[in-house]
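One-letter residues, chain by chain:
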Amino acid sequence: MIPGDGIGREVTPQAVKVIQAATATTKRPIEFVEFDWGADKYLREGISLPAGAVEMLRDEFDAVLFGALGDPRVPSNQHAADILLGLRFKLDLYVNARPVELLHDRLTPLRDRTEKDIRLMVIRENTEGLYVGVGGFFKKDTADEIAVQEDVNSRKGVERIIRYAFEYARQNGLKRVCMSDKSNAMTFAHDLWQRVFKTVRQEYADIDSRHLYIDTLAMEIVRDPRQFDVIVTCNLFGDIISDLGAQLAGGLGLAPSANIHPGETSLFEPVHGSAPNIAGKGIANPLGSVLASAMMLEYLGWKPEAGALRNAVRAALRQNYVTPDLGGDKHTVEVGDWLAKEAVTNFVAQT
Ligand code: NAD
Ligand code: IPM
Ligand code: MN
């Protein structure tokens, strides 16, 4: 576990507690090792991602449970770039799977929409695009300054994420894949997306596939989210559309994500950041981290435990045993304790 900064340090221990409750019940062996990588260490020692960290995680661990990074004392956000983007890139976690699932009708801001209407998966490319950090300044801090940020898209990178989206749809009995880009303006980078999409979709005649420009997708997903099962898009657009999606399903406090390289050590985290505006108050919603943990357990092949976590979250929402962002009055730790008990009760009820 890498709790990180801010509310990452508050929600991650709650998720670990719930995982431990569920896995203890089924006697699954699971061992957590905690790493203190984050702003404090960076400011104290100048170390963001320690030397050898990537190899260690890859060779000695099955999964990483991540909190969030970001601290007002590090305005450059350099440590977050090194640690979070560093792990995404260096572990080659090319899939960022961000489910948008309404778990209780009252949580959506959309009028007349219910649980059955809001259930889709955003598959975000996670290793390329505008995130690679290629670029530079020219005449910095002068009136003639120029800043360049390159959008890097490889054929292999685009192909593997689009293919993953189709495979995800097929394996989950979903019928529709929507690829979203901005090829009308980004005439090189997203022309490549267009061409690759047209080739790959031919292999998936059983899936109904279509394309929407990202601006239209942002509009359509709000107008009628029922249209979508799987959305695949580039790194930056995936970042934005997943926050939009999160809000349709109750907000950032609830949204989970999985950074995956199939078959390899992968990283699981809530979609939200370190939320400095509420950090230290004990009111951060731990449900996003718990749902990310469910994705992690499922990735490890532990379906019953993953189900117990999800059921516990649903029960908390039903009974309104939630933090203030969802309209409740409970504290982070209270919700964590409640979920841990509920996860166990769940199994007892099943057996
Ligand atoms: P944020 O996600 O931290 O917060 C956005 C808003 O949502 C805030 O009002 C916050 O209070 C609320 N919120 C977020 N998570 C919540 C939770 N679990 N419970 C209750 N409310 C919650 O985004 P931001 O404010 O734009 O960014 C803050 C810092 O986090 C920045 O440094 C940013 O770079 C970083 N960040 C990191 C990650 C990550 O580590 N994966 C993701 C997003 C932002
Ligand atoms: C996310 C975050 C990160 C991203 C930031 C912290 C670099 O917003 O995980 O969604 O943009 O990928
Ligand atoms: Mn984001």
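What comes next concerns the included structure. Since we're looking at a predicted model, the values are computed, not measured.

About the thresholds
- By convention here, each chain's residues receive numbers from 1 onward along its written sequence.
- The naming scheme follows written order: chains are lettered A onward, ligands numbered 1 onward.
- Reporting in this predicted model follows two pLDDT cut-offs: at least 70 for local features of residues, and 80 or more for side-chain atom pairs to be given and counted; totals over whole chains, interfaces and linings ignore these cut-offs and use all residues.
- Excluded from the side-chain calculation are hydrogens and water; included are all heavy atoms of the structure.
- Type-normalised accessible area, obtained with a 1.4 Å probe on protein chains alone, sets the label of each residue: buried when under 20%, exposed when over 50%, and partly exposed for intermediate values.
- Runs of E in the DSSP output that reach at least two residues are strands. Runs of H or I that reach at least four are helices, and both are numbered from the N terminus.
- For two strands to count as paired, DSSP must find a minimum of two bridges between them.
- When two cysteine sulfur atoms are found within 2.5 Å, that pair is recorded as a disulfide.
- By convention in these notes, a residue is near a molecule or strand provided one of its non-hydrogen atoms lies within 4 Å of it.
- Polar contact is the term for a pair of N or O atoms within 3.5 Å; when the atoms are in protein, one must be able to donate a hydrogen and the other to accept it, and sequence-neighboring residues count only if both atoms are side-chain atoms.
- Only the protein chains shown count as cover for residues, and all accessible areas are computed by the Shrake-Rupley method using a 1.4 Å probe.
- Note on residue classes: Ala, Val, Leu, Ile, Met, Phe, Trp, Tyr, Cys and Pro are nonpolar, Asp, Glu, Lys and Arg are charged, and everything else, Gly too, is polar.
- In this description, the arc belongs to the directions extending from the helix axis to the C-beta atoms.
- A contact between two residues is defined here by any heavy atoms of the two lying within 4.5 Å.

1. Quick word on the pairing of strand β3 (residues 95–101)
Thought 1: For β3, the tally of buried residues reaches five of seven residues, placing the bulk of the element in the interior.
Thought 2: Relative to strand β10 (residues 256–260), β3 runs antiparallel, the two being bridged by three bridges. Opposite valine 95, over in β10, you have isoleucine 260 as the bridge partner.

2. A few points about the state of the cysteines
Thought 1: A complete count under the given rule lists zero disulfides for this structure.
Thought 2: Distance from the sulfur of cysteine 178, which forms no disulfide, to the nearest cysteine sulfur (cysteine 234) is 13 Å.
Thought 3: For cysteine 234, a relative accessible area of 8% gives the class buried.

3. Brief notes about the site of ligand 1
Thought 1: The local shell around ligand 1 holds 21 residues, among which Leu69, Gly273, Ala275, Asn277 and Asn285 are the closest.
Thought 2: Backbone polar atom of leucine 69 to an oxygen atom of ligand 1: 2.9 Å apart, as the coordinates give it.
Thought 3: Note that a nitrogen atom of ligand 1 is positioned 3.1 Å from one of the side-chain N or O atoms of glutamate 269.
Thought 4: Isolated, ligand 1 exposes 800 Å² of accessible area, and the fraction of that covered by the protein chains is 66%.
Thought 5: Its residues assigned to classes, the shell around ligand 1 comprises 11 nonpolar, eight polar and two charged.

4. With respect to helix α3 (residues 53–60)
Thought 1: Those residues of α3 that fall on the buried side of the exposure criterion are Ala53, Val54 and Leu57. Buried residues in α3, looked at end-on, bunch into an arc of 105°, giving them a common side. α3 presents Asp59 and Glu60 as exposed residues on the side facing more than 90 degrees away from its buried surface.
Thought 2: Considering only its buried residues, α3 is in contact with β2 (63–68) and α4 (78–90).

5. Re the pairing of β2
Thought 1: Counting buried positions along β2 yields six of six residues, so the element is predominantly enclosed.
Thought 2: For strand β1 (residues 2–4) and β2, the ladder comprises two bridges, and the chain directions are parallel. Bridge pairing links glycine 4 to alanine 68 in β2.
Thought 3: Two strands pair when backbone bridges link them, and β2 and strand β11 (residues 266–270) are joined in this way by three bridges, in the parallel orientation. Along β11, the bridge assignment pairs leucine 65 with phenylalanine 268.

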